[in-house]
Amino acid sequence: ATSAAARALALDSTLAEAYTAQAMAHQHVYQWRDAERSYGRALALNPNEPDAFIQWGRFLFYTGRGTEALAAFERARQLDPLSAVASAWTGHMHRLAGRRQQGLTEIQRAIGLDSNNAPSLVMYHGALLAVGKADEARRVAERFWSAVPAWRAVGAKMLIQSGDTARALAFIRDLDRRRDQEPLGNSSLAMVHSALGDSVNLFRALERATANAEIWPTYWSLSDPQFDFVRASARFATIVRSVGLSERVFTSPSGGRPR
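Within each chain, residues carry numbers counting from 1 in the order of the written sequence. The model is predicted, so local features are restricted to residues of pLDDT at least 70 and side-chain atom pairs to those at 80 or more, both for listing and for counting; the totals for chains, interfaces and linings are taken over all residues. By convention in this description, side-chain values take in all heavy atoms of the structure and omit both hydrogens and water.

**Side note on the environment of alanine 141**
Where we set the bar: Secondary structure counts use DSSP, requiring at least four H or I residues in a row for a helix and at least two E residues in a row for a strand, with both numbered from the N terminus. Here a residue-residue contact requires only that any non-hydrogen atoms of the pair lie within 4.5 Å.
You can see alanine 141 is positioned in helix H9 (residues 134-147). The sequence separation of alanine 141 and valine 200 amounts to 59 residues, and the corresponding C-alpha distance is 26 Å. Among all residues touching alanine 141, those that are not within four sequence positions of it are His125, Met158, Leu159 and Ser162.

Shown next as structure tokens:
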């Protein structure tokens, strides 16, 4: 991906999309400063590109700058009011900031724009749980588990949060046997173990994921509330440092979530 972006820029150094691609490649291998520089170039070249703002917002969220992330997603939404992804992320940030009903309303807007968008469905599930709509959240989790098999770990997490652990435990047993053959095998195990509240296996899976250079910090933000139960752990702080992110931000009670 890095080579392809470099070739695109060699052909045309004004391509904002190529800088965005380059930035994403950098962040996936924990090169946060390089990623930020590339995003800066992309946005300077085309300050009206909604996809660049969506990816910039995700970068800010992954690096614990939640309030700035919300502003980026709101800008993407303004530039492209029909983007389900922009609305979903905007709603997700409001929900994480404690504005639960506002978050749910915005994510429902995203679902109205694209009812099959996988990230929107994940955020919808979380927003429903946040306002106490457990039955509806359970239906979303069931639908996601059936409809998005490529994101099975996310589906397992959603099922656990909705009170169904049996299928998640079966998923763990199956994935554990082939975890190092899957691109996100250890990251996926970590996600499910966190939903179960299993800190020991969460840490083991994250340590393996980092050793394997899995893209877990840009697949699953350390700002996620699911990490709250381990933020005070020295082992968690070591994991944060190992991927080049801020121990101060992510070991704080809010984990860098938006205000």
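**With respect to the side chain of serine 194**
Here is the rule: The definition of a polar contact used here is a pair of N or O atoms within 3.5 Å, where within protein one atom must be able to donate a hydrogen and the other to accept one, and adjacent residues in sequence count solely through side-chain atom pairs.
By the element assignment, serine 194 lies in helix H12 (residues 185-195). Here the side chain of serine 194 touches methionine 191 through a polar contact of 2.7 Å, landing on its backbone oxygen. A polar contact is formed between the side chain of serine 194 and the side chain of glutamine 226, at a distance of 2.5 Å. Those residues in contact with serine 194 that lie beyond four places of it in its chain are Leu202, Trp220, Gln226 and Phe229.

**Quick word on the layout of surface pockets**
What counts, and what does not: Residues are said to line a cavity or pocket when one of their atoms sits within 4 Å of a point; the points come from a 1 Å grid over protein atoms alone, cavities being sets where a 1.4 Å probe fits but cannot get out and pockets being open sets with protein on both sides within 12 Å along at least five of seven lines. Grid points are joined across faces, edges and corners, and a volume is the space filled by probe spheres set on the points. Side-chain classes follow a simple rule in which Ala, Val, Leu, Ile, Met, Phe, Trp, Tyr, Cys and Pro form the nonpolar group, Asp, Glu, Lys and Arg form the charged group, and the remainder, Gly included, forms the polar group.
Taken as a whole, the largest pocket spans an internal volume of roughly 820 Å³. Forming the walls of the largest pocket are 32 residues, and the residues nearest its centre are His92, Val122, Met123, Lys157 and Asp224. Those elements that provide at least two residues to the lining of the largest pocket are helix H2 (16-28), helix H4 (50-62), helix H6 (84-96), helix H8 (118-130) and helix H10 (152-161). A per-element tally of the lining of the largest pocket places H8 first, with 7 residues. A breakdown of the residues in the lining of the largest pocket according to their chemical character gives 19 nonpolar, 8 polar and 5 charged. The computed volume of the second largest pocket comes to approximately 210 Å³. Ala150, Arg152, Glu182, Leu184 and Ser188 are the residues nearest the centre of the second largest pocket, which is lined by 15 residues in total.

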